[in-house]
Amino acid sequence: MAASLISKHLFAGQRLLSSSIAVKPRFLSSFSNKRAVHSWFGGSSLDRLASRTGLVRAVLSDKTVGGRFAFSTVSMSTNDPVVSVEWLHSKLKEPGVKVLDASWYMPNEKRNPIQEYQVAHIPGALLFDLDGIADRTINLPHMLPSEEAFGAAVSALGIENKDGVVVYDGKGLFSAARVWWMFRVFGHDRVWVLDGGLPKWRASGYDVESSASSDAILKASAATEAIEKVYQGQSVGPIKFQTKFQPDLVWTLDQV
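Thresholds, definitions, all that
- Residues numbered from 1 in each chain as written.
- Predicted model: local features only at pLDDT ≥ 70, side-chain atom pairs only at ≥ 80, totals over all residues.
- Heavy atoms only, no water.
- Helix = DSSP H or I, 4+ residues; strand = E, 2+ residues; numbered from the N terminus.
- Contact = heavy atoms within 4.5 Å.
- Areas by Shrake-Rupley, 256 points an atom, 1.4 Å probe, with all protein chains shown as cover.
- 1 Å grid on protein atoms, 1.4 Å probe; cavity = no way out; pocket = protein on both sides within 12 Å on 5 of 7 lines; lining within 4 Å.
- Points joined across faces, edges and corners; volume = space filled by probe spheres on them.
- Nonpolar A, V, L, I, M, F, W, Y, C, P; charged D, E, K, R; others polar.
- Pairing = 2+ DSSP bridges.
- Axes fitted to C-alpha atoms, helices over the stretch in contact; angles between N-to-C directions.
- Phe/Tyr/Trp six-rings, centres within 6.5 Å; stacked < 30°, edge-to-face > 60°.
- Buried < 20%, exposed > 50% of the residue type's maximum accessible area, 1.4 Å probe, protein only.
- Polar contact = N/O pair within 3.5 Å; in protein donor to acceptor, adjacent residues only side chain to side chain.
- Core = buried A, V, L, I, M, F, W, Y, C linked by side-chain atoms within 4.5 Å.

### A short note on the overall build of the protein
Right, so step 1: Looking only at helices and strands, the protein features seven helices and twelve strands.
Right, so step 2: Considering only contacts in the protein between residues 6 or more positions apart, those separated by 24 or more positions represent 77%.
Right, so step 3: Summed over its atoms, the accessible surface of the protein is roughly 11,900 Å², and 50% of this surface lies on carbon and sulfur atoms.

### Digging into the layout of surface pockets
Right, so step 1: By volume, the largest pocket is sized at about 280 Å³.
Right, so step 2: Along its surface, the largest pocket is lined by 15 residues, and Leu92, Lys93, Val99, Pro123 and Gly124 are the ones closest to its centre.
Right, so step 3: Per-element accounting of the lining of the largest pocket gives the leading share, three residues, to strand β8 (residues 97-101).
Right, so step 4: For the lining of the largest pocket, a count of residues per class yields eight nonpolar, three polar and four charged.

### Overview of the environment of valine 191
Right, so step 1: As for its position among the elements, valine 191 is in strand β11 (residues 191-194).
Right, so step 2: Sequence-wise, valine 191 and tryptophan 180 are eleven residues apart; in three dimensions their C-alpha atoms are separated by 6.3 Å.
Right, so step 3: Once you skip the residues sitting within four places of it in the chain, valine 191 turns out to touch Val165, Val167, Trp180, Phe183 and Arg184.

### Describing the sheet that holds strand β9 (residues 126-127)
Right, so step 1: Read across the open sheet, the five strands follow the order β7-β11-β10-β8-β9; overall the sheet is parallel. On the outer flanks of this sheet lie β7 (82-83) and β9, each paired with one strand and no other.
Right, so step 2: Summarising the sheet, strand β10 (residues 164-168) and β11 pair through three bridges and their orientation is parallel. Along β11, the bridge assignment pairs valine 167 with valine 193.
Right, so step 3: Strands in contact with helix α5 (residues 176-185) are β8, β10 and β11; relative to β11, the strand with the most contacts, it is inclined by about 175 degrees.

### Comments concerning the packing of aromatic side chains
By convention here, two paired aromatic rings are described through the distance between centres and the angle between planes.
Right, so step 1: Overall, the coordinates contain nine aromatic pairs when judged by the stated rule.
Right, so step 2: Centroid distance phenylalanine 150 to phenylalanine 186: 4.6 Å. Interplanar angle 25 degrees. Geometry classified as stacked. In this pair, phenylalanine 150 is assigned in helix α4 (residues 147-156) and phenylalanine 186 in the loop between α5 and β11, connecting sequence segments 36 residues apart.
Right, so step 3: Given the relative accessible area of 0%, phenylalanine 150 is considered buried.
Right, so step 4: On the basis of relative accessible area, phenylalanine 186 is assigned to the buried category, the value being 0%.
Right, so step 5: Each member of the aromatic cluster is reached from another via a ring pair, and the members are Phe128, Phe150, Phe183, Phe186, Phe241 and Phe245.

### Side note on the side chain of histidine 121
Right, so step 1: Looking at where histidine 121 falls in the secondary structure, it is placed in the loop between α3 (113-119) and β9.
Right, so step 2: Here tyrosine 117 takes part through its backbone oxygen, which lies 2.6 Å from a polar atom of the side chain of histidine 121.
Right, so step 3: Apart from the residues lying within four places of it in its own chain, the contact partners of histidine 121 are Asp101, Tyr168, Val208, Glu209, Ser210 and Ser211.

### Things to note about the nonpolar core
Right, so step 1: Counting 44 residues, the largest nonpolar core has Leu100, Phe128, Ile133, Phe150, Ile159 and Phe183 as its most contacted members.
Right, so step 2: Among the secondary structure elements, those contributing two or more residues to this core are β9, α4, β10, α5, β11 and α7 (215-231).
Right, so step 3: Of all the elements, α5 adds the most residues to this core, at eight residues.
Right, so step 4: Sequence-distant contacts of phenylalanine 183, that is, excluding residues within four places in its chain, are made with Leu100, Phe128, Phe150, Val154, Ile159, Val165, His188, Val191 and Phe241.
Right, so step 5: The next biggest cluster of nonpolar side chains, apart from the first, holds 15 residues, and it includes Leu92, Tyr168, Leu194 and Leu198.

And the structure:
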């Protein structure tokens, strides 16, 4: 995908650095055990994300069938990075659509994404733990895991290659874009970011659900355990999500 300027937020421990580049979007990683840090998308809206990456915002079709939008995940272009809350609401109960709560916050915000998920999340959403689904061979937080580890973790969440994945977070646009990128790095094109995230979902009057303990929490724990087993050389399974690493979406520190 072509790009204009991309604002990057790079994490190293608890320090936040920012820089801009005008190249095809690639991202720093710890892939193949090379010491590096990841880039994060920044910005206050997905309109900004779409314009910065040169992508076309996903919109609902103006054609309707029986009063409903004639727009499905199958017809969605891989160049569309976002979907609206209206679209997600209309597709929420379809078995091929998986929703991920990928909320993550800076340490000084004093917010706990797991606790907030338990208080309120989009119905049926799974919990994607950015700190848990990460490389365990480097002493830096939330580094990109290996192909095998990511495939094992996503499989534990119950996601398959045939699924369409919609990612959101509790700030509107922050960590969700990072998880969108992770799926793209490992070859999954049918992934989108929810425009406005949970705040816009709630502002639009759509229901949320609460749960002190749920299947989603158990699956999130299973995903973290799967990551640990992979890095310990233990067998995991079954693997239902097959990865295909996209090297053009990643830069190592040496390449920078």
